[in-house]
Amino acid sequence: MLSRNTYDVTEWPHGDPYDDLGEVINSIIADVKPRQAESHADGRGKPGAVIHIPPGDYRLRTQVLIDVSFLRIQGSGHGFASSSIRFNVPKGEWPGLHELWPGGSRVMVDLPADQIESEADGAAFRVARSGSPRISSVEFVDFSIDGLHFTTDHPETSPGGNPENSYANGKTGILVETANDSVRITGMGFVYLEHALTIHYADALSIHDNFIAECGSCIELRGWGQASKITDNLIGAGPHGSSIYAEHHGGLLITANNVFPRGASSIHLHGVQRSSVTGNRLHSFYPCMVVLEDSSENLVASNHLLRDHEPWTPFVGVDNGLDDLAGLVSISGSGNSVIGNHVSEVVESRRIRPAGARPVIIRLASGSDNFISTNHVVATDVTATASDSCFEAQVDALLATEGSQPLEVTTVLVDPASTRNTILDSGRADQVIVDTAVNAFRPIPSVGDHARAGSAPLVQALREGSR
Ligand SMILES: OC[C@H]1O[C@@]2(CO[C@]3(CO)O[C@H](CO)[C@@H](O)[C@@H]3O2)[C@@H](O)[C@@H]1O
């Protein structure tokens, strides 16, 4: 016998899940509540429920409100497909495409536009409960949330004159409003939402193994929070938003994410302390791809950062408005460790802003006692090209290494407002701008430097040996 706490939206007798999934899920939650009314009955409590969404296209016209713990909404496939690419393919070519829309268990967010006045109104799934304890263990697993279209009133924010390129529609995939514990978002797909995931007041949150792309902003942790993790996701925001943004979090772990362009920033931390950004692959089209703002004692280690130019025609010319002196990694705060990162800066010198400047890679803007060690910067001047074919353009740009020239950069710039920092082996003496009266500095040696007594005969012997 199937447990009464296991539901399938396609078998629920109230509402039509294909026409309004929101109404159906709210009706299921309304069924769970009176059956699980007692918080304690002979040692038993409120186990919550699983709501299954089989593969299919489900329109959502009513917001889902989740105010019970232990609710797991589970589909059978994240179904991501690029909407951005499709919406830039001429409509005449659509009939020849294998598929047009995202697939899997697909929730099509179709909240009436005239009823979206606040971010909360625009959320497909809204988690909110006041009182004590905090809502726990709400889980979103293995389905897709599709915002369907981007729309905008401002032609200047619609690259190529196409509103579908505006990254704006007032829609949010999942909004968690009130304090929460052990929420999980796993295996999900998010596409064409202005905000994919916005989570306030998180404790022990896990955002793991999701595909969150072509959304205005992807992950926003707001309010405050602790002990949470953002791991193993594929993520890419639009030019007005951030791929990963967190504020006032402690003990946040951001690891093993592959963050692709074109977010205004890849990772932006504001007031985040004692957290880790490690082992991520980050790719951006603009400066300030990693921002630590008023953030201290964080570890930024073993990340691979790539900065290059937008290669896809519809978006060429779009940027985040920042110039190349702002730093690819910008830090205000103290006691941060930036260790063992690799940076590839692959830009066209004529496009550097301000014209003729040397781009700054790591900029310590204010604070003290940061430890910057063994970061390797490879900077090249290339001739950037663009193409109408998104995938080809991106792969060509990623793999191009030929014909490039070395580019002069400032690997570390320490502003006067940042002092007592230690900068080791992260740039030659001519690549680092630092006041050594108030900071400790050890440059990377240049070829020919520090020839020690004894090395010359050894080198001579090696040369002779190799003849
Ligand atoms: O690079 C991987 C991802 O990029 C795509 C394809 O390319 C796009 C189209 O707008 O360009 C951006 C920059 O790369 C991506 O955010 C976006 O989404 C996903 O279709 C693809 O999965």
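Residues numbered from 1 in each chain as written. Predicted model: local features only at pLDDT ≥ 70, side-chain atom pairs only at ≥ 80, totals over all residues. Heavy atoms only, no water.

Going by the annotation in an unreviewed UniProt entry, the name recorded for the chain is Inulin fructotransferase (DFA-I-forming), with Agromyces flavus given as the source organism.

Right, let's talk about the site of the ligand for a bit. Taken together, the residues surrounding the ligand are Phe-80, Ser-82, Ser-84, Tyr-167, Phe-211, Glu-214, Phe-260, Pro-261, Arg-262, Trp-312, Cys-390 and Gln-394. Within the side chain of Arg-262, a nitrogen or oxygen atom sits 2.9 Å from an oxygen atom of the ligand. For the ligand, whose free accessible area comes to 440 Å², the fraction covered by protein is 84%. The site holding the ligand turns out to be the largest pocket. Looking at the shell around the ligand, the elements with two or more residues in it are β17 (211–215) and α3 (390–399). Split into classes, the residues belonging to the shell around the ligand amount to seven nonpolar, three polar and two charged. Both of domain 1 (1–215) and domain 2 (247–467) provide at least three residues apiece to the shell around the ligand. (Near = heavy atom within 4 Å. Polar contact = N/O pair within 3.5 Å; in protein donor to acceptor, adjacent residues only side chain to side chain. Areas by Shrake-Rupley, 256 points an atom, 1.4 Å probe, with all protein chains shown as cover. 1 Å grid on protein atoms, 1.4 Å probe; cavity = no way out; pocket = protein on both sides within 12 Å on 5 of 7 lines; lining within 4 Å. Sits in = over half its atoms within 2 Å of the grid points. Helix = DSSP H or I, 4+ residues; strand = E, 2+ residues; numbered from the N terminus. Nonpolar A, V, L, I, M, F, W, Y, C, P; charged D, E, K, R; others polar. Domains from an automatic or database assignment.)

Take the pattern of salt bridges next. The final tally for this structure, using the stated rule, is 23 salt bridges. The residue Glu-177 makes a salt bridge to Arg-126 at a minimum N-O spacing of 3.3 Å. Here Arg-126 lies in strand β7 (residues 123–127) and Glu-177 lies in the loop between β11 (172–176) and β12 (180–181), a separation of 51 residues in the sequence. Across the pair Asp-181 and Arg-134 runs a salt bridge, and its minimum N-O distance is 3.2 Å. Of this pair, Asp-181 sits in strand β12 while Arg-134 sits in the loop between β7 and β8 (135–136); the two residues are 47 residues apart in sequence, bridging distant segments of the chain. (Salt bridge = Lys/Arg side-chain N within 4 Å of Asp/Glu carboxyl O.)

Counted according to the given criterion, the structure contains 16 aromatic pairs. Each ring, one from Tyr-18 and one from Tyr-58, has its centre 5.2 Å from the other, and the planes form 10°; the classification is stacked. Here Tyr-18, found in the loop between β1 (6–8) and α1 (21–35), pairs with Tyr-58, found in strand β3 (residues 56–60); they are 40 residues apart in sequence, far enough to count as distant. Joined through ring pairs, the aromatic side chains of Phe-87, Trp-94, Trp-101, Phe-150, Tyr-167, Tyr-192, Trp-312 and Phe-315 make up one cluster. If you follow Lys-91 out to its NZ or CZ, it ends over the ring of Trp-94, 5.2 Å from the centre. Stacked on the ring of Phe-315, the Lys or Arg Arg-262 has its end atom at 3.7 Å from the ring centre. (Phe/Tyr/Trp six-rings, centres within 6.5 Å; stacked < 30°, edge-to-face > 60°. Lys NZ or Arg CZ within 6 Å of the ring centre and 35° of its normal.)

Further remarks concern the environment of Val-9. Position of Val-9 relative to the elements: it lies in the loop between β1 and α1. A C-alpha to C-alpha distance of 6.7 Å links Val-9 and Val-24, two positions 15 residues apart in sequence. Setting aside residues no more than four positions away along its own chain, Val-9 makes contact with Pro-17, Leu-21, Val-24, Ile-25, Ile-28, Ile-51, His-52, Ile-53, Pro-54 and Tyr-58. (Contact = heavy atoms within 4.5 Å.)

Take the sheet that holds strand β10 (residues 144–146) next. The strand order across the open sheet formed by twelve strands is β3-β6-β10-β14-β17-β20-β24-β27-β30-β33-β36-β37, and the pairing between neighbours is mixed. Of all strands in the sheet, those bounded by a partner on one side alone are β3 and β37 (405–406). Pairing analysis gives six bridges linking strand β33 (residues 342–347) to strand β36 (residues 376–381), with the strands arranged parallel. Looking at the pairing, Val-343 lines up with Val-377 of β36. (Pairing = 2+ DSSP bridges.)

With an omega of 10°, the peptide bond running from Pro-261 to Arg-262 counts as cis. For Arg-262, the position within the fold is in the loop between β24 (258–259) and β25 (265–270). Note that the residue after Arg-353, namely Pro-354, is joined by a cis bond; omega there is -10°. Looking at the secondary structure, you find Pro-354 in the loop between β33 and β34 (360–368).

Turning our attention to the domain arrangement of the chain. When its domains are assigned, the chain resolves into domain 1 (1–215) and domain 2 (247–467). Taking only C-alpha atoms, the centre of domain 1 and the centre of domain 2 are 36 Å apart. Taken together, the contact pairs ten residues of domain 1 with eight residues of domain 2. When residues of domain 1 are sorted by the area they lose upon contact with domain 2, Ile-85, Pro-159 and Tyr-167 head the list and together hold 46% of the total. (Buried area = accessible area lost by both parts, 1.4 Å probe.)

Cross-referencing UniProt, the feature "domain: Periplasmic copper-binding protein NosD beta helix" (unreviewed entry) maps to residues 164–307 in the present numbering. Across residues 164–307, the secondary structure splits into 0% helix and 58% strand, with the terminal C-alpha atoms separated by 25 Å. (UniProt positions renumbered as here; feature names shortened; annotations may be inferred.)

Another point: the side chain of Ser-330. Among the secondary structure elements, Ser-330 is positioned in strand β31 (residues 329–332). On the basis of relative accessible area, Ser-330 is assigned to the buried category, the value being 15%. Apart from residues no more than four positions distant in its own chain, Ser-330 is found in contact with Cys-288, Val-290, Val-291, Leu-292 and Arg-363. (Buried < 20%, exposed > 50% of the residue type's maximum accessible area, 1.4 Å probe, protein only.)

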